[in-house]
Amino acid sequence: MKRQKEKRMKSFVNRGNELLQKGKQKEAMTMVEDGLKYYSNNIISAISPYSAADAGLIVTALRHIANEVEVKNAGAKELADYLAKNVNAPTLTEVQKTRKPNMQ
C-alpha cells in the first residue's frame, strides 16, 4: 500500500519574513497574527469540548508541549518572546455546555 504524502502548508513565519524583506511590515505582522490564530483555533478545536474539571490538566499539557517545542527547535523561545510582546493574540471564545443530570 502506498503511503500518502502529508500535506503541509508553507510556514507563516517564513511568509512573514518574505514580506518583511519586501518592506511590507504591516502585511508581515498580519501574516504572523493569522498563523497564531490558525494554530490557536486548531488546538481549541482539538481539545473541545472538555470538562472544566480537566482545565488544569489541559494547561499543564499545553505548557509541557510548549516547553518541549522550545527545547527541540532553536530560536523558538526567542521568537515566542518577541511575538508575545509585539503581536495581537486572538481572543479565544469558549462555549460551555452543561447537562442536567438525569433525575428519574
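Below, the structure is looked at part by part. From a predicted model like this one, the values you see are computed outputs, not experimental measurements.

**Notes on a nonpolar patch on the surface**
- Taken together, Met9, Tyr38, Tyr39, Ile43, Leu62, Ile65 and Val69 make up a surface patch of nonpolar side chains, about 640 Å² in accessible area.
- Those elements that provide at least two residues to the nonpolar patch are helix 2 (25-47) and helix 3 (55-72).
- Note on placement: isoleucine 65 falls in helix 3.

**A word on the layout of surface pockets**
- Quantified by volume, the largest pocket comes out at close to 1,300 Å³.
- Forming the boundary of the largest pocket are 32 residues, of which Leu36, Tyr39, Ile43, Ala66 and Ala80 lie nearest the centre.
- Mapped onto the lining of the largest pocket, the elements with two or more residues apiece are helix 1 (12-21), helix 2, helix 3 and helix 4 (76-86).
- Of the residues forming the lining of the largest pocket, the biggest block, eight residues, is contributed by helix 2.

Conventions used here
Residues numbered from 1 in each chain as written. Predicted model: local features only at pLDDT ≥ 70, side-chain atom pairs only at ≥ 80, totals over all residues. Heavy atoms only, no water. Patch = residues over 30% accessible without salt bridge, like charges linked within 9 Å, V, L, I, M, F, W, Y side chains within 5 Å. Areas by Shrake-Rupley, 256 points an atom, 1.4 Å probe, with all protein chains shown as cover. Salt bridge = Lys/Arg side-chain N within 4 Å of Asp/Glu carboxyl O. Helix = DSSP H or I, 4+ residues; strand = E, 2+ residues; numbered from the N terminus. 1 Å grid on protein atoms, 1.4 Å probe; cavity = no way out; pocket = protein on both sides within 12 Å on 5 of 7 lines; lining within 4 Å. Points joined across faces, edges and corners; volume = space filled by probe spheres on them.

Geometry only, nothing functional implied.
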